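# Structural overview
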Amino acid sequence: AQSVTQLGSHVSVSEGALVLLRCNYSSSVPPYLFWYVQYPNQGLQLLLKYTTGATLVKGINGFEAEFKKSETSFHLTKPSAHMSDAAEYFCAVRHEGGSQGNLIFGKGTKLSVKP
Amino acid sequence: GAVVSQHPSWVICKSGTSVKIECRSLDFQATTMFWYRQFPKQSLMLMATSNEGSKATYEQGVEKDKFLINHASLTLSTLTVTSAHPEDSSFYICSAAAQGRKKSSYNEQFFGPGTRLTVL
């Protein structure tokens, strides 16, 4: 069965420091992978996605993620954290078995940014 | 990008009453809409998938008679929580996807802002 594991429910970094949010997945078919951000009491906003092609994917707000098949990972990074990056981040994989695309989400990682 | 709206953004109701939540795709036709539920500090759990003009497909453990889903048009889906109880209090999020030109193509989901339901 497919699953998504996000290591660390809470990550805290200082402003200007590197952000690294970890995501590992399991899938028996080539995965489509996503990172979403959720601000308090809001819906999800797509940060970036990997479907096919280049394994290093750049998204909005300076985030990027690299698909590593051998490690079944899709970690999210940003070179320099801003206070505005404080939010909940969800990694997701597209559910197998159809083009409808319902998603399986990880449990989320809350990012805190210290001044 | 495509915009999905939800109404209301928050609602408080008494136990035993029914609440309807609307999900609209504002600038595209959504052949498929998804309803998720999110408990505090937890991830999103898919409740059901609805295709325009057909019955919704519910995930295991979701009561179809309690969570009524209607997808009557390509831009509107509704979720009705019937006879709501305090344990139904949650954040409900919808998403919408458009049919691609190829059936095998990936159809990106666009998420609504969510509806917070509190049942007293």
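Residues numbered from 1 in each chain as written. Chains lettered and ligands numbered in written order. Predicted model: local features only at pLDDT ≥ 70, side-chain atom pairs only at ≥ 80, totals over all residues. Heavy atoms only, no water.

## As for the state of the cysteines
In the structure shown here, the tally under the stated rule is 2 disulfides over all chains. Between C23 of chain A and C91 of chain A runs a disulfide, and the two sulfur atoms are separated by 1.9 Å. In this structure the cystine formed by C23 of chain A and C91 of chain A twists about its S-S bond by roughly -65 degrees; its chirality is therefore left-handed. Taken as a pair, C23 of chain A in the loop between β3 (19-21) and β4 (24-26) and C91 of chain A in strand β10 (residues 87-94) lie far apart in primary sequence, 68 residues in all. Summarising the burial analysis for this pair, C23 of chain A and C91 of chain A share the class buried. One disulfide in the model links C23 of chain B with C94 of chain B; its S-S distance is 2.0 Å. The disulfide joining C23 of chain B to C94 of chain B has a torsion of about 80 degrees about its S-S bond and is therefore right-handed. Here the residue C23 of chain B occupies a position in strand β3 (residues 19-25), and C94 of chain B occupies one in strand β9 (residues 90-97), the gap between them amounting to 71 residues. Here C23 of chain B falls in the buried class, since its relative accessible area comes to 0%. Residue classification places C94 of chain B among the buried residues on the basis of a relative accessible area of 0%. Sulfur of C13 of chain B: no disulfide; nearest cysteine sulfur belongs to C94 of chain B and is 18 Å away. (Disulfide = S-S within 2.5 Å. Helix = DSSP H or I, 4+ residues; strand = E, 2+ residues; numbered from the N terminus. Buried < 20%, exposed > 50% of the residue type's maximum accessible area, 1.4 Å probe, protein only.)

## Looking at the interface of chain A and chain B
Taken residue by residue, the interface counts 21 residues in chain A and 22 residues in chain B. Both sides together, the interface formed by chain A and chain B hides about 1700 Å², and carbon and sulfur atoms give 50% of it. The interface formed by chain A and chain B includes 0 salt bridges. Taken together, the elements giving at least two residues each to the side of chain A that touches chain B come down to β5 (33-38), β6 (44-50), β10 and β11 (103-105) of chain A. Each residue belonging to the side of chain A that touches chain B can be placed in one class, and the counts come to 8 nonpolar, 10 polar and 3 charged. (Contact = heavy atoms within 4.5 Å. Buried area = accessible area lost by both parts, 1.4 Å probe. Salt bridge = Lys/Arg side-chain N within 4 Å of Asp/Glu carboxyl O. Nonpolar A, V, L, I, M, F, W, Y, C, P; charged D, E, K, R; others polar.)

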